[in-house]
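Architecture and fold: a report
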Amino acid sequence: MELLKTNGFRVIGMKEYSDFVLKGGKVPDNAVLITFDDGYESFYKLAYPVLKEYGYPATAFLIVRSIDERIGVPKMTWDQMREMQKDGMTFYSHTYDSHAYADVNERGKSKPALTARKYLINKKRQETKEEARQRIIDDLKKAEERLKEELGNADSILCFPYGAYNDTVMEALKSLDIQISFTIEKGVNSRSDAKGFRINAAKVGMDPETTIGQLKKIKAYTG
């Protein structure tokens, strides 16, 4: 976080980013949007105090069911997120319950659930395209409803689990008016990138200087 500051990067929030992409808004040169995935409690305990110290906003993408039902690795609570909102943290969808791999045939071949046509064991067949589409819509809709109920979200934004998406997923986003999404593809974003790129700063063994070096190598957007 210190290196972002000393190397001339300007941290922006999701509202600035969405206005830039959707409404022709301005962002500063060398703008950086900080994002975290999954909704782990470590965001609250470790990252949030540092972000608050620097006055940086950030976004966490939540696997919403795991927040509701306290599943797996310890997750943040809704109360913790409401506290963080006061300091510029925002929280959006990483799906309700589609951050997993799903079997697509009887032999156990699997694909990311959001893009898969699941194998239905009880029916001994794969989902139809329409069944898969409706499942995806239902999942994403439930995530948006819970985010609105708990955090008052007015905007719908999605980060694809594993970066996986296809035409069916994009059609589902359109039907739910989710206009901004994020992949795990590496790159810098322009106004035309409603399906945004990201740069992974969390690989094992990667030090802060290496991360900053990656940012410097990518041509910054000027606008």
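Described in the following lines is the structure provided in the data block. (Residues numbered from 1 in each chain as written. Predicted model: local features only at pLDDT ≥ 70, side-chain atom pairs only at ≥ 80, totals over all residues. Heavy atoms only, no water.)

Time to look at the environment of Gln80. Note that Gln80 resides in helix H5 (residues 78-85). The buried category is assigned to Gln80, whose relative accessible area is 15%. When the C-alpha atoms of Gln80 and Val27 are compared, they prove to be 29 Å apart, with 53 residues separating the residues in sequence. In contact with Gln80, other than residues within four places in its own chain, are Tyr44 and Lys75. (Helix = DSSP H or I, 4+ residues; strand = E, 2+ residues; numbered from the N terminus. Buried < 20%, exposed > 50% of the residue type's maximum accessible area, 1.4 Å probe, protein only. Contact = heavy atoms within 4.5 Å.)

To continue, consider the layout of surface pockets. By volume, the largest pocket is sized at about 1,400 Å³. Leu33, Ile34, Thr35, Ile199 and Ala201 are, among the 46 residues lining the largest pocket, the residues nearest its centre. Elements with a minimum of two residues in the lining of the largest pocket: helix H1 (2-6), helix H2 (14-23), strand S2 (31-33), strand S3 (35-38), helix H3 (41-54) and helix H8 (208-217). Ranked by the residues each element gives to the lining of the largest pocket, the list is headed by H3, at 5 residues. (1 Å grid on protein atoms, 1.4 Å probe; cavity = no way out; pocket = protein on both sides within 12 Å on 5 of 7 lines; lining within 4 Å. Points joined across faces, edges and corners; volume = space filled by probe spheres on them.)

Most of the time, phi is negative for any residue but glycine, and the peptide bond is trans. One non-glycine residue, Asp38, lies in positive phi territory at about 90°. Backbone geometry at Arg70 places phi at a positive 55°, although glycine is not the residue there.

Let's shift gears to the nonpolar core. One finds Leu4, Phe43, Leu62, Met81 and Phe91 to be the most contacted residues of the largest nonpolar core, which totals 27 residues. Looking at this core, the elements with two or more residues in it are H3, strand S4 (58-62), helix H4 (64-69), H5, strand S5 (89-93), helix H6 (129-151) and H8. Residue contacts for Met81: discarding those within four places in its chain leaves Leu62, Ile67, Met76, Phe91 and Leu151. Counting 12 residues, the second largest nonpolar core, distinct from the first, contains Val27, Phe61, Cys159 and Ile180. (Core = buried A, V, L, I, M, F, W, Y, C linked by side-chain atoms within 4.5 Å.)

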